[in-house]
Structures are given as C-alpha cells and as structure tokens.
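# Report on the structure
Given next are the chains, with one letter for each unit.
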Amino acid sequence: MLAELRVRDLAVIADVTLKLAPGLNVLTGETGAGKSMLVDALALLLGERASGDVVRPGAEKAVVEGAFDLAGAAGIRAVADELGVDLSEETVVVRREVYPEGRSRAWVNGSPATVGVLAQLGAALVDLHGQHETQSLVKGDAQADILDAYADAQVERTAVRDAYARWQSAVVKENELKSRQEDVRRKADYLRHVVEEISHAAPKVGEDGALETEAKRLANAEELGRLARELEEAADQSGLSKGMRTLAALERIDPTVAKWRELLDTALANLQELAAAARDYAGAIDG
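The shown structure was predicted, so the numbers you read here are calculated from the model rather than taken from an experiment. (Residues numbered from 1 in each chain as written. Predicted model: local features only at pLDDT ≥ 70, side-chain atom pairs only at ≥ 80, totals over all residues. Heavy atoms only, no water.)

### Remarks on the overall build of the chain
Along the chain, the regular secondary structure elements total nine helices and six strands. Over its C-alpha atoms the chain spans a radius of gyration of 51 Å, topping by over 25% the 19 Å that the globule rule assigns to 287 residues. For the chain, the spread of C-alpha atoms along the principal axes amounts to about 160 × 55 × 35 Å. Within the span of the chain, comprising 287 residues, buried residues form 24% of the whole. For the chain, restricting intrachain contacts to residue pairs at least 6 apart in sequence, the fraction spanning at least 24 positions comes to 59%. As presented, the chain carries roughly 20,200 Å² of accessible surface, and 56% of it is formed by carbon and sulfur atoms. Charge centroids of the chain, computed over 34 positive and 49 negative side chains, lie 3 Å from each other. (Helix = DSSP H or I, 4+ residues; strand = E, 2+ residues; numbered from the N terminus. Rg over C-alpha atoms; globule rule 2.2 N^0.38 Å. Buried < 20%, exposed > 50% of the residue type's maximum accessible area, 1.4 Å probe, protein only. Contact = heavy atoms within 4.5 Å. Areas by Shrake-Rupley, 256 points an atom, 1.4 Å probe, with all protein chains shown as cover. Lys, Arg positive; Asp, Glu negative; His and termini not counted. Charge placed at Lys NZ, Arg CZ, Asp CG, Glu CD.)

### Section: helix H6 (residues 207–219)
Counted at 1.5 Å a residue, the expected span for H6 with its 13 residues is 18 Å, and the 18 Å between its end C-alpha atoms agrees. When you tally the buried positions in H6, you get zero out of 13 residues, a small fraction of the element. (Expected span 1.5 Å × (residues − 1).)

### A short note on the packing of helix H7 (residues 221–234) against helix H9 (residues 260–286)
Running from amino to carboxyl end, H7 crosses H9 at an angle of 155 degrees, the nearest separation of the two axes being 8 Å. Relative to H9, the element H7 is oriented roughly antiparallel. Note that H7 runs across H9; the crossing there is left-handed. Contacts between H7 and H9 pair Ala221, Leu224, Gly225, Ala228, Arg229, Leu231 and Glu232 from the former with Leu274, Ala275, Ala278, Arg279, Tyr281, Ala282, Ile285 and Asp286 from the latter. In terms of residue class, the contact of H7 with H9 is built from ten nonpolar, one polar and four charged. (Axes fitted to C-alpha atoms, helices over the stretch in contact; angles between N-to-C directions. Parallel < 35°, antiparallel > 145°, perpendicular 65-115°, else oblique. Left-handed = near helix turned anticlockwise from the far one by under 90°. Nonpolar A, V, L, I, M, F, W, Y, C, P; charged D, E, K, R; others polar.)

### Description of a nonpolar patch on the surface
Side chains of Leu250, Trp260 and Leu263 sit close together on the surface and give an oily, nonpolar patch of about 320 Å² of accessible area. Within the secondary structure, leucine 250 sits in helix H8 (residues 238–253). (Patch = residues over 30% accessible without salt bridge, like charges linked within 9 Å, V, L, I, M, F, W, Y side chains within 5 Å. Salt bridge = Lys/Arg side-chain N within 4 Å of Asp/Glu carboxyl O.)

### As for the pattern of salt bridges
All chains considered together, the criterion is met by 16 salt bridges. Between arginine 186 and glutamate 182 there is a salt bridge, with its nearest N and O atoms 3.8 Å apart. A residue pair is termed a helical-turn pair when its members lie 3 or 4 positions apart in one helix, as arginine 186 and glutamate 182 do in helix H5 (residues 154–201) at four residues. By relative accessible area, which is 46% here, arginine 186 ends up partly exposed. Judged by its relative accessible area of 33%, glutamate 182 falls in the partly exposed class. For glutamate 223, the salt bridge goes to arginine 226, with nearest N and O atoms at 2.4 Å. With glutamate 223 and arginine 226 both in helix H7 and three residues apart, the pair spans about one turn of that helix. Judged by its relative accessible area of 37%, glutamate 223 is partly exposed. Among the ionic contacts, a cluster of salt bridges with common partners joins Lys61, Glu65, Arg95 and Glu97.

### Some details on the sheet that holds strand E5 (residues 104–108)
Across the sheet, six strands lie side by side as E2-E1-E3-E4-E5-E6; this open sheet has antiparallel pairing. At either margin of the open sheet sits one strand with a lone partner, and together these are strand E2 (13–19) and strand E6 (111–113). Each neighbouring strand pair of the sheet contributes to a mean axis angle of 15 degrees, computed without reference to strand direction. Set on the sheet, helix H1 (residues 35–45) makes contact with strand E1 (2–10), E2, strand E3 (62–69) and strand E4 (91–98); between it and E1 the angle comes to about 105 degrees. (Pairing = 2+ DSSP bridges.)

### Description of the environment of arginine 180
Position of arginine 180 among the secondary structure elements: in helix H5. It is 42 Å that separates the C-alpha atoms of arginine 180 and leucine 147, two residues lying 33 residues apart in sequence.

### As for the pairing of E4
Counting buried positions along E4 yields six of eight residues, so the element is predominantly enclosed. With eight bridges connecting them, E3 and E4 associate as antiparallel partners. Directly across from valine 64, in E4, lies its bridge partner arginine 96. Here five bridges tie E4 to E5, and the two strands are oriented antiparallel to one another. Paired with glutamate 97 across the two strands is arginine 105, which belongs to E5. Taking the residues between adjacent antiparallel strands as the criterion, E4 and E5 are bridged by five residues, where glycine 102 takes a positive phi near 105 degrees.

Structure representation (structure tokens):
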C-alpha cells in the first residue's frame, strides 16, 4: 500500500507531502489544483518515461518519493527477489529525480536502480486506473491470473504449466535431434563423394610409391634432361672407332686376337643402345 508520497519541484508543485491512510483515500479539488500532477508523479515512480519539461521552472530538478507498506505483500517480495532488490524491511522507499535536460536517476531503499527495475517493481506495487483504461487489465498475465482465480483453477493451472514446460523441453530435444540428423546427413554425403572420387581414381597397390617417384622426377625435370644429354654425349663411338682400327692392325700381325672382335662389337652395340636410351629420355623430359 502507498503510505506516503512527496513531490518537489514537479510542474506547478513546489513541495507537497501526501500521507495516505489504510482503506479508501479520496482527493478532490478544482480543475488545475494539481490532482493529475500527483498521479503523474506516481507514474514516474512506476518507471514511466521522464521528460525535462516536468521540472518546475527555475528548479534544479524534480524529485518524487514514495513510501510503500509491504505488510502481507508476499508477491511483491517475490518480484523484488527476481530483480535483485533488497526488500528486507516492511517499507520500501522509491525515489526518482528528473533533470531539466531530460535525464533521470532512481533509487529503491537507497540503492541505485534502473527505470526498467522501477517499472517491473512498480507494476507489483501499484495499479493505475485511468478514465479509459486499467493498466493491469491490458496485460495478458494479469488477465490469465484473474480468469484462473475466478474459475478456482489453481490445480489445473499448475498442471497446464508443467505440461507446457515438458512440451517446451520436448521441442528443444526434437530440434537438437533434427540438427544432429542434418549433421549426419551432410557427413554421409561427404563420405559418399569421397568414395566416388576414390573409385574414379582407381588406385592400385604400390601406386603411391610410383607417384612419389614421378613427382620427384617432374620436380627435377630440367636437371634430369641436362644429365641425360651429357650421358648421350659420353656414349659416343669415337673411342671405340679407334679401338676397331687398332684391333684390325693386331689381327693382321696375329690372327689369334680375332676373338676380341666379338667383345668390341658387343661394347659398341651397348654404347649405341645407351646413347639412344639417353636421347629418348631427354626428349621425353623436354616434351
């Protein structure tokens, strides 16, 4: 229950303290007396957006303070616990300061608080009723609370809440399983692609060694071509041609050395084959 409201330098109000008694309190007065300003001041305590225009001309700031009696207000204490607000006393004091430039500051029981905290705590402390609306009745949670209370359906409400929580948990698990299923599907598609690529390549046993040798050969193609051409030049027949003439001279003097001619012919044939092989190898490298 709102026990006391103090307003200072708010619009036309210089400094007013309003003490309320238990039960019904009624304020009356002529139009312009400031009744609506008291409601506006209370709205500021409940987290309504502040404007610098509400500060009384010439004043440093507008200040609104409200003291609320929490006797028997277990629901409000539950809200305060969720917000991290200390309500250890039987009275909670809310203070709001508004400055001409539009900024504002707020406190709950002397501790700084945000406007959002004021709004949530204020919704549990006060229900403002205007000519054309009742704030609590436009909130879905409040409508559900009123309906459940009217139907005396607390047991059913708990059962529905628990069933909804289980359903939400099942939905989360279902989404997790679908996500895992999609991951498995993607991995399976990738593995099928890998198997297809391997089958297309048709690797053979020991092929990796041959490929490694081929890679090394290609990496050193220039050097291999140069060495092959040098080998071809080294395998020329100039030396053996001189050997043939020398052997012919020996045969004319000593026919018994004729058997050496087969050895010389074999060497000549081998050199010719070596030169041809080196020439072909160099050509393949260059190509």
